[in-house]
Structures are given as structure tokens and as C-alpha cells.
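Structure assessment
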Amino acid sequence: MPEKIVNINLSGRFAWESIVMHQKRDGNVLDINKEEYSTESDVEQKFILPFFTKILGYGNEEIKTKDYLAPTTIDKGAGKKVGYYPDYVVYIGGIPVIVIEAKDKSVNSLEGYREARLYATELNKKYPEGINPIKYILATNGDRLQYGFWDSEIGVNDLDISELCPGAKALDNIELTIGRRVLFDWAKEIRAKIFPEGAIRPLSLIGGPSRQSESIQSNTFASDLAPLLRRYFDPDVTATSQEIIERAYCSSTEVTQYNATLESLLKDRVPKQSDITKITTSKKHASELDGALKGAYCERRNNPDPFILLLGGVGSGKTTFVQRYFNHLIEKEIRDNIIYVVVNFNNASDSLDDVEKWVCQEIIDRLVDVYGEEFLSSENLDRYFAPDIRLLKRGPLSRLEEADKLEFAKIISTKLIEWFDDPIKLCSGIMRFYSGDKDIPVVVVFDNVDRRDREQQLKIFQTVQWFRNKNKCFSILSLRDETYDAFRNQPPLDAFLKPFAFRISSPRFINVVKKRLELVIEYLTEQSDKNLEYELPNGITIHYPATKLGKYLFSIYRSIFDPSRKVSVMLEALSGKNIRRALEIFTEILISGYISENLIFGITEGNGKGIPEWLIIRVLMRTNYRYYSRNHGYIYNIFSTPGSSSTANNFLVPEILEYLARNRKNTSSYSIEGYMYVQDILEYMSGMGYVKEDVMWALEELLVSNLISADHQRNKGIREIDYIKITASGYYHIRLISSRSEYLSNVPFDTYIYNYDIAKKISQNREDSRNQAILRTELMREYLEDEVAKLREAFPIFNDNAISPDVVVGHFTKIRQHREGNA
């Protein structure tokens with residue numbers, strides 16, 4: 001573990017000391033210098049805060065200042081009562097545990113100690129009998145320091161801060177008495193007294209793991225749909241499908257526009273940049289890239305290594321665009337006179353070890369795939385290494401060739417084998433031969449780089465720059481736009497000459513799925529003797545087969561793509577810009593066993609009702625499981641808490657989401673709109689009494705579940721130094737999905753509930769009947785209202801600062817009012 005070091009300077013009485021303490025933590029260093037502590041502010045800022053954060057282990061957000069604390073009337077002496085603010089109160093999980101008072105050197109620190117005790121007494125009075133959360137008080141004037149129990153004058157520890165030297169018993173004692181590790185356990189004890197009941201998931205009361213994970217069968221059309229789903233919706237199959245690339249590609253002119261809120265969340269909110277061109281595509285052209293490539297092709301002798309960046313989010317369609325461009329859109333003159341090879345970084349190692357060698361070997365392998373084993377024949381190797389062979393002939397082997405041709409040939413063969421086994425050497429020879437000797441430009445596309453995290457993307461960028469400088473070839477690199485936008489003026493991106501940077505907008509869920517579903521319906525229509533037609537509100541006529549499967553698919557089509565319904569918006573938000581996820585979601589809907597025989601019969605017999613929204617939400621929440629759990633589907637339970645935590649509550653996740661939703665248009669020190677600093681989130685959440693451990697757990701959950709994204713661009717691994725923002729999925733979870741009755745009747749199963757009786761009743765009402773669903777919703781509403789009341793009574797800071805309870809409890813209330821209004 002890292003070392004914790006204390007440096008002490010006591011005006012020449014001691015030399016600077018630096019030794020490793022018995023408790024190693026964070027590598028923090030505290031410099032103590034008595035001469036610097038002249039004023040009360042000096043004592044606060046230069047001694048107390050560093051001592052509590054660097055040595056005792058508290059987070060900055062846990063040490064509350066005068067600005068945060070409420071005044072308390074105390075007797076300052078001689079019967080004089082005043083509104084008193086302590087300098088600091090340390091809170092852990094909303095529980096105040098230490099009162100700290102600072103004085104300047106001219107004031108006896110015992111006076112501060114007395115005031116701290118008075119404040120602790122008043123603060124403890126606010127809690128029920130027998131519950132006294134303030135356990136310790138501390139006072140110092142930068143010379144002397146006293147600490148001890150809040151309610152006793154016996155056993156007060158009184159010491160000179162010179163005694164806090166490294167390895168000293170005084171320092172050990174203070175850590176073992178008021179260090180965070182000790183008082184964190186104390187805070188949990190206090191919370192357990194305030195909230196004595198543990199938490200339990202109703203799902204765990206239904207039965208064991210097998211019962212909780214019980215599944216249902218797919219619907220009757222699943223087997224008939226299986227080959228069609230593989231052909232048109234399986235991401236692994238369709239990635240290289242020429243039919244999809246040719247007929248299901250979504251051009252920029254076909255991108256659906258939604259309301260302003262969803263648009264702002266789906267689009268990457270980046271500063272406008274005049275040096276980046278947005279690519280607009282039609283069915284036959286991509287004029288911006290045409291111009292760049294043609295210009296580079298014509299000027300290749302003056303600029304032999306042009307570099308093109310394709311910028312966009314993960315799943316924005318950069319790979320499909322490149323395939324479609326080079327197969328269908330590129331001008332024939334250019335296509336017939338270039339060699340085109342793709343380096344797919346999905347095939348690279350996770351660590352990117354020896355990435356330069358891997359890139360060169362990948363290029364060689366892909367060229368062999370296209371041109372066959374003959375591409376590496378001995379005759380071709382002689383061509384690739386011709387300059388090296390000539391150099392040997394002119395140098396040390398010049399006389400040997402005449403004297404002993406056999407020995408000469410043997411040496412050349414040995415060298416060829418050596419060069420052949422070196423991917424970097426061989427790749428350079430190939431590039432030189434085609435782009436130099438034959439004047440055939442080689443275009444290398446570095447694809448799927450955007451799926452890597454930020455650090456790896458920058459490393460790959462440097463590798464591509466190395467490759468370009470070494471081999472003088474056309475290079476096209478797909479990079480995540482947020483990486484470029486955030487670091488474009490920093491190394492290594494600042495070295496990029498920017499005339500060829502293009503941004504690709506993501507296709508939308510509705511466009512991708514709609515086109516593929518139309519292909520399925522078209523295919524079935526061609527196989528059917530009898531067809532039907534339907535005119536959409538926009539005037540377009542859809543033909544579909546008169547078979548039951550055809551009618552079923554068309555009903556799905558109408559249900560999801562009806563502009564008057566919220567379903568498409570919800571699906572768009574859940575999938576974000578991830579096309580693979582979008583296709584998986586749609587496949588689940590098509591084969592779901594929750595689309596019952598009766599509903600299918602009604603659809604195929606022409607009742608025209610389609611698939612109701614609540615049923616689509618159920619499918620998205622449960623997929624093929626009988627009961628909802630947050631890891632069973634695509635919709636997250638916003639009332640989740642870490643089951644083992646005694647300091648969390650069910651408003652932990654909603655509070656984070658609501659805070660991020662309200663700040664989604666703000667710009668922090670990070671250059672892209674909507675990103676918030678994790679340490680600022682911790683500070684904000686501490687204002688409701690949440691501890692760092694619970695908040696970090698929640699942020700990790702939200703990141704893994706795609707409700708937030710982080711600046712490091714990984715899908716796991718939140719750190720305090722990161723920046724995060726709410727995603728479209730996160731926003732619509734807190735604002736739309738959690739307002740739906742189907743959602744509110746399902747999440748109780750998966751929620752850790754701090755009331756056994758309510759949890760038991762929820763587990764007993766687990767059927768999907770309307771009455772039991774209503775009862776589950778009402779039980780959850782009553783429980784949350786009761787929890788809010790308890791939290792506001794126990795923790796005034798929660799009452800003053802929390803914003804999510806009114807939002808999420810309001811959803812339950814509106815559902816109840818709507819139901820009563822329709823009764």
C-alpha cells in the first residue's frame with residue numbers, strides 16, 4: 001500500500017523528519033509548522049483540514065464548515081447566550097460525529113474546547129433519547145490540542161502539537177480514537193439505532209435463486225423468426241452483410257429528429273469547431289469525403305501521407321459508413337487505383353502490448369486475405385525488399401556474388417527469412433513497393449478505435465502517426481469525438497494537421513430498426529401469394545404479407561414507429577447510440593413470451609390495437625424472466641441500494657440522476673457540456689448525509705448500466721478524479737420510465753426495502769393481475785413516503801437539500817390520482 005508520511009518542523013527544535021507510519025494510506029504528506037499558525041484561519045486551513053483529510057482519512061465533503069452548519073444558542077459564559085457556529089463538524093453518512101473548534105494563538109484552546117462541548121450537547125439533544133451521535137470534540141490554537149468525549153471532562157487528551165511527530169504514541173492514539181475508520185463504524189451504529197430494521201428484497205422472499213430467475217417461453221413466432229432475426233438483426237452477422245450495407249444503411253438525410261431534450265442528450269454536446277466537417281450522406285454520395293480523398297489522391301506526390309479522422313460516438317456507424325463508402329460510394333476512378341485495407345482494433349489485445357508490431361502484422365494478414373498466399377511469394381518478397389537487397393550487393397556482399405553465387409544466394413535467403421519474420425520490416429517493404437514503385441496509393445483504415453478507453457485511443461493515435469511517418473500511406477482513423485474534442489489542443493492530438501477531420505452523426509434506433517424490419521416484411525411479402533397494404537400518416541404505403549407472421553410484424557412496426565406514442569423515444573433513449581444494443585432490444589420484443597397467444601390472435605385477426613406501451617416496458621424490464629430484477633433486462637431499478645450498506649437509502653440513485661439531469665446543460669472545468677466532477681458529486685451528496693462509499697457504489701452501478709458516462713470512456717471503473725454526465729437513458733429513467741405504472745409495479749420486487757412487513761406483502765402479491773400490480777405500487781408508495789418522513793426527521797440536512805423524493809414519490813402519486821380519476 002502507499003505510504004503515509006508526516007513532516008514536522010517546529011521552528012528549529014526538530015529537523016525535518018520523514019518516516020513511514022504503521023498505517024500506510026494514500027501517500028499523503030502533512031507539513032506541520034507552528035510558526036505558520038498565527039490566526040484562527042491559519043489554524044483551520046493549514047492544520048485542521050490537512051490533518052483530518054491527509055492523516056485521519058476524512059473526505060473534504062465530510063468536514064462541514066460554518067457556511068453549512070446551523071447556529072445553535074449556547075451559554076458563552078456569564079449568562080451571555082449567543083448564536084454559535086462551530087468551526088467544523090465532521091459528518092459521516094449524515095451523522096455528526098466530531099465538533100471541532102479553532103482559536104488563534106492568543107486564545108487558550110481550552111476555551112474552544114468548552115464551546116465545542118456546549119455545541120455538541122445542543123446538537124445531541126436533537127436526537128431521540130439514548131442516541132448521541134457526537135462522540136468526540138476537539139479544539140486547538142495551533143500550539144496546544146485537546147480532544148475527548150463530548151460529555152466528560154475526565155480523560156481529556158491535552159498535548160502540544162509537537163507530540164504529533166511520526167511514529168509517536170500521541171499520533172497513534174489520535175488515529176485510533178477519532179480516525180475515520182473508527183468513527184465510520186460509530187456512525188453506522190447510530191444509524192442502526194435510528195433505523196433499526198435491516199433491508200430485504202421481496203424477490204428473495206419468493207424463493208431461491210432458481211425461483212427468482214425463473215424464465216418463460218418465447219412466443220409462437222420465435223422459431224419462424226429465428227432465421228430472419230439472424231439475417232437482419234444479429235449484429236455479428238449483419239456487420240459484414242452486403243444486403244444490410246447496401247439496403248439498410250441510414251443516410252444522414254434519413255435521421256429522425258425528436259424533441260429538443262432527447263436531441264440534446266443523443267447528440268454529443270461539443271463546442272463548435274470550424275475545422276471539422278460534418279459528413280452528409282445520401283444513397284449514392286458522401287461528397288465531403290469524396291472531395292478530401294480525391295484531393296489527396298491527385299496531390300499524392302506532394303502529400304504522400306494524408307491523414308483523415310472520422311469522429312463520432314461508439315455505435316455511430318463509422319464502420320458501416322467506411323464499408324459502404326469504399327464498396328459503393330467512392331468514385332470509380334479512385335476505387336480502381338488504390339489498395340484498401342482495414343485494421344480492426346477489436347482484434348487487438350486488451351493491453352495493446354507491442355501495438356506497432358500488431359498493426360503491421362494485421363495489415364499483412366488482411367492483404368493476404370484479399371490477394372491470397374501469392375501475395376507473399378518469393379518473387380514478391382524480392383520486390384518488397386529490393387532496396388535492402390541492392391544495398392547488400394553494393395556493400396559487403398559485392399565480391400561474394402561473383403566469387404560464390406551459391407553462398408551469396410544462401411545469405412540473401414537468410415536475410416529474407418529474417419526480414420519476413422519482422423512484421424514491421426515486411427509491412428514497410430510492402431508499402432514502399434506499392435505506393436512508391438507502382439504508384440498505387442495504399443489506404444489503411446484504423447477501425448473500432450473508439451471502443452477503447454480514452455488513454456488507449458490516444459496511444460493508438462500515436463501509433464498511427466508513427467505508422468504514417470514510417471510508411472507514407474493514406475490513413476483513416478475512427479476516433480471517438482469526445483476524445484478529440486476534449487484533447488485536441490493537447491499532445492498527441494495537437495500535432496494533427498486538421499484539414500481532414502470529419503464528424504459522423506449516429507443513426508437512430510428507429511431508423512436502423514425500421515429499415516431492417518422493412519427488409520423482413522419485404523422478404524416475407526415476396527414469399528407470400530396474398531399481400532395487404534397500409535398507408536402511414538406520412539403518405540407512404542407499406543405492403544405486407546397476409547400471413548399471421550406478416551400481420552404480427554406489421555403490428556410491431558406500427559406500435560413502435562407510431563409518432564404519437566412515447567415508445568420510440570423510450571427505446572431510443574435506452575439504446576443511446578449503441579446500434580448493437582438497439583438490435584438486441586428489438587429482437588427481445590419480437591420473440592417475447594409476454595406477447596401472449598390472445599394478443600397475437602387479436603393482432604393477426606385484425607383488431608388493430610397493436611402492442612400496448614405497458615407491455616413493451618414489461619418486456620424491456622424482464623426480457624424472458626418471470627420476475628423483474630435489474631440484471632434481467634434493459635431497464636434499471638433507480639431505487640437500488642448496496643444491500644450490505646447500513647448508510648444508504650432508496651433515494652441514493654434518484655438523487656444523483658436528478659442532480660445530473662438538472663445540470664445537463666452546464667459546463668464544468670471539463671470542456672464538454674453536462675460533465676460534472678465526481679468530487680463535486682460527492683460534496684453535493686454529502687449534503688444529504690450520503691457517505692462516499694455509497695455514492696461511489698451508485699456511480700459505478702449507473703456507469704455499468706449506461707445511465708451515466710465518464711470522461712475516461714470506459715463502461716466501468718469510476719474514480720474520484722473522473723468527470724461524469726447523464727446519458728439519454730439516465731435522463732429518461734428518472735423523468736419518463738419511472739413515471740409509468742408498469743415500471744412502478746415491477747421495481748418493488750428488486751428493491752431493498754427497510755420494512756420487512758411491506759417486503760413480505762409485496763412478495764405475496766407477485767402475480768401480473770391488475771389488482772396485485774396496483775397493490776404492489778401502493779405498498780411501494782406508502783413505504784417511500786414513510787422513508788422520506790423518517791429521513792427528514794432524523795437528518796435535517798436531508799430535509800433541506802434532497803430534491804429527488806418529491807420527483808419519484810410524485811410519480812407514484814400521479815399514477816394513483818390518474819387511476820382514481822378513471823375509476
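Our subject in this report is the structure included herewith. What you are looking at is a predicted structure, and each value in this text was computed from that prediction instead of being measured. (Residues numbered from 1 in each chain as written. Predicted model: local features only at pLDDT ≥ 70, side-chain atom pairs only at ≥ 80, totals over all residues. Heavy atoms only, no water.)

**A few points about the pattern of salt bridges**
- Summed over all chains, the structure comprises 44 salt bridges.
- Salt-bridge contacts for Glu62 lead to Arg180; the nearest nitrogen and oxygen are separated by 2.8 Å. With Glu62 in the loop between α1 (40-55) and β3 (63-64) and Arg180 in helix α4 (residues 180-194), the pair connects residues that are 118 residues apart, well separated along the chain.
- Ionic contacts of the salt-bridge type, sharing partners, join the residues Lys34, Asp143, Arg144, Asp158 and Asp160 into one network. (Salt bridge = Lys/Arg side-chain N within 4 Å of Asp/Glu carboxyl O. Helix = DSSP H or I, 4+ residues; strand = E, 2+ residues; numbered from the N terminus.)

**Overview of unusual backbone geometry**
- Residue Pro492 is reached from Pro491 by a cis peptide bond, and omega for that bond is 0°.
- Not every positive phi belongs to a glycine, and Asn448 is a case in point at roughly 60°.
- Locating Asn448 in the fold gives a position in the loop between β14 (442-447) and α20 (454-471).
- Within the chain, Gln713 stands out as a residue other than glycine whose phi angle is a positive 70°.
- Locating Gln713 in the fold gives a position in the loop between β20 (708-710) and β21 (723-726).

**A word on the environment of Ser640**
- Structurally, Ser640 is set in the loop between α27 (613-622) and α28 (652-662).
- Residue class for Ser640 comes out buried when judged on its relative accessible area of 1%.
- Taking the C-alpha atoms as reference points, Ser640 and Pro748, separated by 108 residues in sequence, lie 9.9 Å from one another.
- Only 2.7 Å separates the side chain of Ser640 from the backbone oxygen of Asn637, close enough to count as a polar contact. (Buried < 20%, exposed > 50% of the residue type's maximum accessible area, 1.4 Å probe, protein only. Polar contact = N/O pair within 3.5 Å; in protein donor to acceptor, adjacent residues only side chain to side chain.)

**Looking at the environment of Val97**
- In this structure, Val97 sits in strand β7 (residues 95-102).
- The exposure class of Val97 is buried, given its relative accessible area of 0%.
- In the structure, Val97 is positioned 53 residues away from Trp150 in sequence and 9.8 Å away in space, judged by C-alpha atoms.
- Setting aside chain neighbours within four positions, we find Val97 in contact with Val90, Ile92, Pro133, Ile134, Lys135, Tyr136, Leu183, Trp186 and Ala187. (Contact = heavy atoms within 4.5 Å.)

**Concerning the sheet that holds strand β19 (residues 676-677)**
- Pairing is antiparallel in the open sheet, where three strands are placed in the order β19-β21-β20. Sheet topology places β19 and β20 at the edges, where each strand pairs with a single neighbour.
- Sheet topology places β20 next to β21; three bridges connect them, and they run antiparallel. By the bridge assignment for β21, Ser709 is matched with Lys725.
- In the packing of α28 onto the sheet, the strands contacted are β19, β20 and β21, and the crossing angle to β21 comes to about 85°. (Pairing = 2+ DSSP bridges. Axes fitted to C-alpha atoms, helices over the stretch in contact; angles between N-to-C directions.)

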